Amino acid sequence: MLGLGSLVHFHYTQVVRSKPGWGFSIVLFTTFLITIMAGFGPSIFPEFTQSLGLSATLGMEEGSSLDWIFQNSIKPLSATMFSIIGFFIASAAFRAFRARSIEATLLLIAAVIIMLGQTPLGQMLWQAIPDTMVWIFNVPTTAAKRAILFGIALGSIAFSLRIIFGIERAYLGGTKD
Amino acid sequence: MTKEMKFNVTRWVIFVLVAIAIVIPVIFKEKIKLPDTSSSVVKNIYDHIESLPERSPIMLSIDFDPSSDEELRPMTLAVLRHAFRKNLRIIGTTIWSIQSVGVMGDVFTSVAKEFNKQEGVDYAIMPYNPGGSVIILNLCQDVFFTYPKDHKGMSTKDQPVFKNIKTLKDMKYAMCISAGNAVDTWIIFGKEKGKMPLGAGCTGVMATDYYPYLQSKQLLGLIGGLGAAAQYEVLIKHKGTATDSMKPQTVVHSLIIILIVIANIIYFTNKKKLL
């Protein structure tokens, strides 16, 4: 409820003050109302809902109005947002993946092996490619991941002890000891 | 041409190339033949499900929403097909979001129709309860206290699918298919308290995060990304969307590698920034 109140308040202010992008807030309110109507509509107007070819059941059951919104709006929109990442990755790889130093070259070689190894093409070209990919996952990547996990765990313990013994007081809002 | 214009033109050329690299293999997918691949981390999950006796209860936690649906649905379908073919009882749950229940309903219903399985008898779908780790801890104590009703509001206690199940420990296998950190939560709370074998499915970019857990045997196996989902489809001898998706993915990966090589050739030739 707090989140709902905050969302409505924020977008109401955007519209009333005509801030940049206020049109999107109108879209939000419109879709918000449509979804509420789809949720409560079947119990208030069961005949109208059925006349639209939808089931007059509440909730996310197959054929219900909410299910229709989920299948025809939320699913394709979310998938589209996620799919766009692929285009940006290709563009970013072209601009950023340069063998500027030894470290960058190692990263580049590892990335190429993994990209090939993740697809059947790697096996088609040379069996050693998927094997090397598995080695990269099992040895250097796992070692680095473990080091990060240990670092986080030890850091959390040290920080907790500092709080318990009163050495660390910044979390209370103070700036001086 | 200004530097900004050059940047935008290069970017749009790459976008068009990626679009072509996706569309053409989708159109001519029948003509492209790729070899079948397999890995031990994927096969471990297959072997465990294969070893379970009929009507064994398993729990499948669907912890992704429509944004990751395209990448994670194929592996979910493959695991469900395998479990239904083995005539296992499947309890579907989520600790991720309310949208995951929608995805779960869609996936379970479509595979159940293929195998003529009945909700409440062969499978059940739980509603979304907020709490994440608390939900898993509650499942370790009492399944019916955590989920007194399924996603349709029907009492869980009366359903044959829950026969002889009291806690998570009664599950013969649990699997979390996630686009976020739900696998970590299942390892920490589910595996350690429930003691049942745990498998995981995740997006390709997340797969490396879970290799330490495979080595420590906290995870039985891992299906990481579309490539691994395609391997699972090969194992169950039911090639579906993951196998088909390998074709555009292979072409796009090749394109990205070619772009990287071109960019490096230009970089070393000019010895200055391209853009």
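Residues numbered from 1 in each chain as written. Chains lettered and ligands numbered in written order. Predicted model: local features only at pLDDT ≥ 70, side-chain atom pairs only at ≥ 80, totals over all residues. Heavy atoms only, no water.

Visitor: Honestly, the overall build of chain B in this entry has me stumped. Any pointers?
Guide: Of regular secondary structure, chain B possesses ten helices and six strands. Dimensions of chain B along its principal axes, counting C-alpha atoms only, are 70 × 40 × 35 Å. Buried residues in chain B amount to 55% of all 275 residues. Residue pairs in contact within chain B that sit at least 24 positions apart in sequence constitute 73% of those at least 6 positions apart. Within the structure as shown, chain B displays about 12,100 Å² of accessible surface, and the carbon and sulfur contribution to it stands at 58%. Placing the 32 positive and 24 negative side-chain charges of chain B at their respective mean positions leaves the two points 4 Å apart. (Helix = DSSP H or I, 4+ residues; strand = E, 2+ residues; numbered from the N terminus. Buried < 20%, exposed > 50% of the residue type's maximum accessible area, 1.4 Å probe, protein only. Contact = heavy atoms within 4.5 Å. Areas by Shrake-Rupley, 256 points an atom, 1.4 Å probe, with all protein chains shown as cover. Lys, Arg positive; Asp, Glu negative; His and termini not counted. Charge placed at Lys NZ, Arg CZ, Asp CG, Glu CD.)

Visitor: Hey, could you run me through the overall build of chain A in this one?
Guide: Per the secondary structure count, chain A includes seven helices and zero strands. The buried share of chain A, reckoned over its 177 residues, is 24%. Sequence separation of 24 or more characterises 13% of the internal contacts of chain A that already satisfy a separation of 6 or more. A total accessible area of about 12,000 Å² is found for chain A, and carbon and sulfur atoms account for 73% of it. One way to put it: in chain A the 11 positive side-chain charges average out to a point 19 Å from where the 8 negative ones average out.

Visitor: I'm lost on the sheet that holds strand S4 (residues 173–178) of chain B in this one. Help?
Guide: Residues and elements named next belong to chain B. Spatially, six strands are ordered S3-S2-S1-S4-S5-S6 in an open sheet, and the strand pairing comes out parallel. Of all strands in the sheet, those with a lone pairing partner are strand S3 (123–125) and strand S6 (221–224), marking the two edges. Each strand of the sheet is rotated relative to its neighbour by a mean of 15 degrees, with strand direction disregarded. Along the sheet face, helix H2 (residues 40–51) touches S4, strand S5 (198–202) and S6 and points at about 120 degrees away from the line of S6. (Pairing = 2+ DSSP bridges. Axes fitted to C-alpha atoms, helices over the stretch in contact; angles between N-to-C directions.)

Visitor: What exactly am I supposed to notice about helix H7 (residues 182–194) of chain B here?
Guide: Along an α-helix, residues three or four positions apart point the same way, because every turn accommodates 3.6 residues. Residues and elements named next belong to chain B. For H7, with 13 residues, the first-to-last C-alpha span of 16 Å runs short of the 18 Å given by 1.5 Å per residue. Within H7 the residues assigned to the buried category are Ala182, Val183, Thr185, Trp186, Ile187, Gly190, Lys191 and Gly194. Those residues of H7 that are buried lie in contact with strand S1 (57–63), strand S2 (89–93), helix H5 (133–141), S4, S5 and helix H8 (211–215). Positive phi appears at Lys195, one or two residues downstream of H7, with a value of about 65 degrees. (Expected span 1.5 Å × (residues − 1).)

Visitor: Honestly, the domain arrangement of chain A in this entry has me stumped. Any pointers?
Guide: Interface size is commonly expressed as the accessible area that is lost once the parts come together. By the assigned domains, chain A splits into domain 1 (1–96) and domain 2 (142–172). Distance from the C-alpha centre of domain 1 of chain A to the C-alpha centre of domain 2 of chain A: 40 Å. (Domains from an automatic or database assignment.)

Visitor: Would you mind going over the pairing of S5 of chain B with me for this structure?
Guide: As a general feature of sheets, a regular strand has side chains that alternate between the two faces. Residue and element names in this part refer to chain B. The element S5 is largely enclosed, with a buried count of five among its five residues. Alternating residues of S5 divide into Leu198, Ala200 and Cys202 and Gly199 and Gly201, and every residue in both groups is buried. Strand direction decides the pairing type here: S4 and S5, joined by five bridges, are parallel. Across the sheet, Ile177 pairs through a bridge with Gly201, a residue of S5. Handedness of the β-α-β unit built from S4, H7 and S5 comes out right-handed. Relative to S6, S5 runs parallel, the two being bridged by four bridges. Bridge assignment links Gly199 to a residue of S6, and that residue is Gly221. (Right-handed = clockwise from strand over helix to strand, strands pointing away.)

Visitor: Would you take a moment to explain the nonpolar core for this structure?
Guide: What tends to happen in soluble globular proteins is that the nonpolar side chains get buried as a cluster. Ranked by size, the top nonpolar core spans 102 residues in total, and within it Trp186 and Tyr232 of chain B carry the most contacts. The element contributing the most residues to this core is helix H10 (residues 241–270) of chain B, with nine residues. (Core = buried A, V, L, I, M, F, W, Y, C linked by side-chain atoms within 4.5 Å.)

Visitor: Can you walk me through unusual backbone geometry in this structure?
Guide: Of all residues except glycine, most have a negative phi; of all peptide bonds, most are trans. Residue and element names in this part refer to chain B. Unlike most non-glycine residues, Lys195 shows phi in positive territory, near 65 degrees. Within the secondary structure, Lys195 is located in the loop between H7 and S5. A positive phi angle, close to 55 degrees, is found at Lys237, a residue other than glycine. Among the secondary structure elements, Lys237 is positioned in the loop between helix H9 (225–235) and H10.

Visitor: Hey, could you run me through the packing of aromatic side chains in this one?
Guide: Each aromatic ring pair is characterised by the separation of its centres together with the angle its planes make. Throughout the structure, instances matching the rule amount to eleven aromatic pairs over all chains. On the numbers, 6.1 Å between centres and 90 degrees between planes, the contact of Phe87 of chain A with Phe15 of chain B is edge-to-face. Here Phe87 of chain A, found in helix H4 (residues 65–96), pairs with Phe15 of chain B, found in helix H1 (residues 3–27), and the two come from separate chains. Judged by its relative accessible area of 11%, Phe15 of chain B falls in the buried class. Between Phe88 of chain A and Phe15 of chain B, the aromatic rings sit 5.4 Å apart at their centres with planes inclined by 85 degrees, giving edge-to-face as the arrangement. On the criterion of chain membership, the pair formed by Phe88 of chain A in helix H4 and Phe15 of chain B in helix H1 is interchain, its members lying in two chains. Its relative accessible area of 42% is what places Phe88 of chain A among the partly exposed residues. Grouped by ring-pair contacts, the aromatic residues Phe87 and Phe88 of chain A together with Trp12 and Phe15 of chain B constitute a single cluster. (Phe/Tyr/Trp six-rings, centres within 6.5 Å; stacked < 30°, edge-to-face > 60°.)

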